[in-house]
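Structure assessment
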Amino acid sequence: MEWTGWLTDYYHRHTEEYFRNALKENGLPGDMITEKTIIGEMEYTQYRYVCGEEGILTGGICFEDLKKLCESTEEDVEPEELVNVLCGAWVDEYHFMEENRERLFQKDIAKYLFPVLMNTKLNENLLHEMPHVKKGEYSVALRLGIPVEGEKGMTIHVSNKMLESWGIGLDEAMEMAVHNQWFVEQCTVISDSELVQKMNQQAVKEFGGIFQFVEPEEETGFMIYGRYVPCAAILLNEEFAEEIHKKMGGDFLVAFFGTGEVQICRDEGNIEDLQIDLEVKNELYGFSWNMVSDQIFRYTKERGLEPASGMEKEKQRVGEPALKR
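Residues numbered from 1 in each chain as written. Predicted model: local features only at pLDDT ≥ 70, side-chain atom pairs only at ≥ 80, totals over all residues. Heavy atoms only, no water.

Looking at the overall build of the chain
Rule in force here: Labels follow the DSSP assignment, with helices taken as runs of H or I lasting at least four residues and strands as runs of E lasting at least two, numbered in each case from the N terminus. Throughout this description, buried means an accessible area under 20% of the type-specific maximum (1.4 Å probe, protein chains only), exposed means over 50%, and partly exposed covers the range between. In this analysis, two residues are considered to be in contact whenever any of their non-hydrogen atoms come within 4.5 Å of each other. Every accessible area reported is derived by Shrake-Rupley at a probe size of 1.4 Å, with residue values counting cover from the shown protein chains alone.
Check the secondary structure of the chain and you find 12 helices and 13 strands. Counting all 325 residues of the chain, 46% fall into the buried class. Counting contacts in the chain only where the partners sit at least 6 residues apart, residues at least 24 apart contribute 61% of the total. Within the structure as shown, the chain displays about 17,700 Å² of accessible surface, and the carbon and sulfur contribution to it stands at 49%.

Okay, here's the thing in C-alpha cells:
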C-alpha cells in the first residue's frame, strides 16, 4: 500500500520509538542512534544499533527502506511489525558475536575476510569504527563471512579493534579479503544473452510463449550478483576484472545497483543511458544497505575502476591549452 504524505510523516516521527521498543523487547543491551544524511536530492534517516561492547558493530537500517518494503507488499504491513523482524537480525548478530567474542579477536578468523563497497557519506560514522580505504563516493571495508552449519553463515562487520587484535596491517587484510577464493566463488556472472534466455523461459511458463524477448546478436554486457554476500567489491580482484575485460574486448562501464547487482556494459559512449537505468532501478528497487554510488564507473587496465564522468573531464582537459587546465 502506498503511503500518503501524512502517513509518511507520522511513521517517520515514530520509527525511532519502534526501534527502541524492539530493542527493549529483545533484551538487547546498549542503545540506538539516529543519523540523517543528504545525498544528492535525497535525505536518508538511518537507525543503527550500538551495543556498547568495544569492537562489536552492526549495520544500519534506513527509514526509506522501511517505507519501500511496506509499500511493496500486497498485504498491509505495519512498520512496527517490520521493525521487529529487522531487529531480529541485530539480535542474531549480537548473540553470535558475544558467544564467539574470543574467536573473533584471534588472527585465525581473518581467513574468512571478504571486501565490501560502502557508500562513504551514508556510512560515514560507521566507517570511523571500521578499517577501510576511502575511494571518493565509496569506501572499501571488510567483513567476515563465517560458516555456521551447512550452507548457513553469519556476516560480521570488521572493527578497528578486531584488526588491531589480529596483528596484521590494513593492506595485508585487504589483500587477503580481495583474493579470498570463497568470496570469488560467491560472485556469479551472467551474460545479457543468458539473461534474455532465462526471461524467455519464464515467459513460456507464465504466458505460454505468446511473446519472446529478442536475444542480442553479440554480448553487450554482463550482470554480476552475489550468492550469499555483496559482490560489488569483486572488481577489485585483478584476475576477475581482467577476465571481464577480455570478455568485453576492452574497457567497460560499471553501474552498482541498489539491488546488490553490478551491471557491466561495453564502453560505447552510452554513459547517459546507463545513468538513467541506474537511477530508475535504484528509485524503484534499490535499498540503502546495497548503496555504493549513484555514479557510473569505467574500468581500464591502466587505471582500474574510476568515475566515468571524471575521466571524461580529464580527456577534455588533455586537449585544452595548459593555461586553461
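A closer look at a nonpolar patch on the surface
What counts is decided by this rule: The patches reported here contain residues having more than 30% relative accessible area and no salt bridge. Joining distances are 9 Å for like charges and 5 Å for nonpolar side chains (Val, Leu, Ile, Met, Phe, Trp, Tyr). Whenever Lys or Arg places a side-chain nitrogen within 4 Å of a carboxyl oxygen from Asp or Glu, that contact is recorded as a salt bridge.
Side chains of Ile-276, Val-280, Leu-284 and Tyr-285 sit close together on the surface and give an oily, nonpolar patch of about 410 Å² of accessible area. Look at Leu-284 and you get partly exposed, because its relative accessible area is 49%.

Focus: the pattern of salt bridges
If you walk through the whole model with that rule in mind, you get 12 salt bridges. The salt bridge partner of Glu-71 is Lys-67, with a shortest N-O separation of 3.0 Å. Pair noted here: Glu-71 and Lys-67 are both in helix α2 (residues 63–72), with a separation of four residues, about one helical turn. Residue classification places Lys-67 among the partly exposed residues on the basis of a relative accessible area of 22%. Between Asp-267 and Arg-298 there is a salt bridge, with the nearest N and O atoms lying 2.5 Å from each other. You can see Asp-267 sitting in the loop between β11 (262–266) and α11 (271–285) and its partner Arg-298 sitting in strand β12 (residues 296–300), a full 31 residues away along the chain.

Focus: the environment of Gly-60
Note on placement: Gly-60 falls in strand β3 (residues 60–62). Contacts of Gly-60, omitting those with residues within four sequence positions, involve Gln-46, Tyr-47 and Arg-48.

A closer look at the pairing of strand β10 (residues 252–256)
Here is the rule: A pair of strands counts as paired when DSSP detects no fewer than two bridges linking them.
β10 sits mainly inside the fold: five of its five residues count as buried. Once β10 ends, the chain turns through five residues before running back antiparallel as β11, passing Gly-260 with a positive phi of about 100°.

A short note on the nonpolar core
One recurring pattern in soluble globular proteins is that nonpolar side chains are buried together. So the rule is basically this: Only buried residues count toward a nonpolar core, which is a set of Ala, Val, Leu, Ile, Met, Phe, Trp, Tyr and Cys residues joined through side-chain atoms within 4.5 Å.
Counting residues in each nonpolar core, the largest one holds 80 residues, and the members touching the most others are Leu-144, Trp-166, Leu-235, Phe-256 and Ile-264. No other element matches helix α3 (residues 79–99), which puts nine residues into this core. Of all hydrophobic cores here, the second largest spans 11 residues; its members include Ile-190, Ala-255, Leu-274 and Leu-278.

Details of the environment of Phe-63
Of note, Phe-63 is situated in helix α2. Phe-63 sits 16 residues away from Tyr-47 along the chain, and the two C-alpha atoms are 7.7 Å apart.

What about the side chain of Thr-15?
Assignment of secondary structure puts Thr-15 in helix α1 (residues 5–25). Sequence-distant contacts of Thr-15, defined by excluding residues within four places in its chain, comprise Tyr-47, Phe-63 and Leu-66.

Overview of the confidence of the model for the chain
Keep in mind that low pLDDT regions are not for reading the predicted coordinates in detail. How we decide: Confidence of the predictor at the level of single residues is captured by pLDDT, which takes values from 0 to 100.
Of the residues in the chain, 86% reach a pLDDT of 70 or more, and the chain-wide mean stands at 88. Put simply, helix α12 (residues 308–318) is where the chain has its lowest mean pLDDT, 52, and strand β4 (residues 113–119) is where it has its highest, 98. This model gives residues 311–325 a pLDDT under 50, and the stretch forms 10 contacts once residues within four places in sequence are excluded.

What about the sheet that holds strand β2 (residues 42–50)?
Inclusion rule: Note on definitions: angles span 0 to 180 degrees between N-to-C directions of axes, and those axes are lines fitted to C-alpha atoms, for helices only across the stretch in contact.
The strand order across the open sheet formed by three strands is β1-β2-β3, and the pairing between neighbours is antiparallel. The open sheet has two free edges, formed respectively by β1 (31–39) and β3, since each of these has just one partner strand. Each strand axis lies, on average, 30° off the axis of its neighbour in the sheet, ignoring direction. As paired elements, β1 and β2 share nine bridges and run antiparallel to each other. Across the sheet, the residue bridging to Thr-37 is Tyr-44, located in β2.

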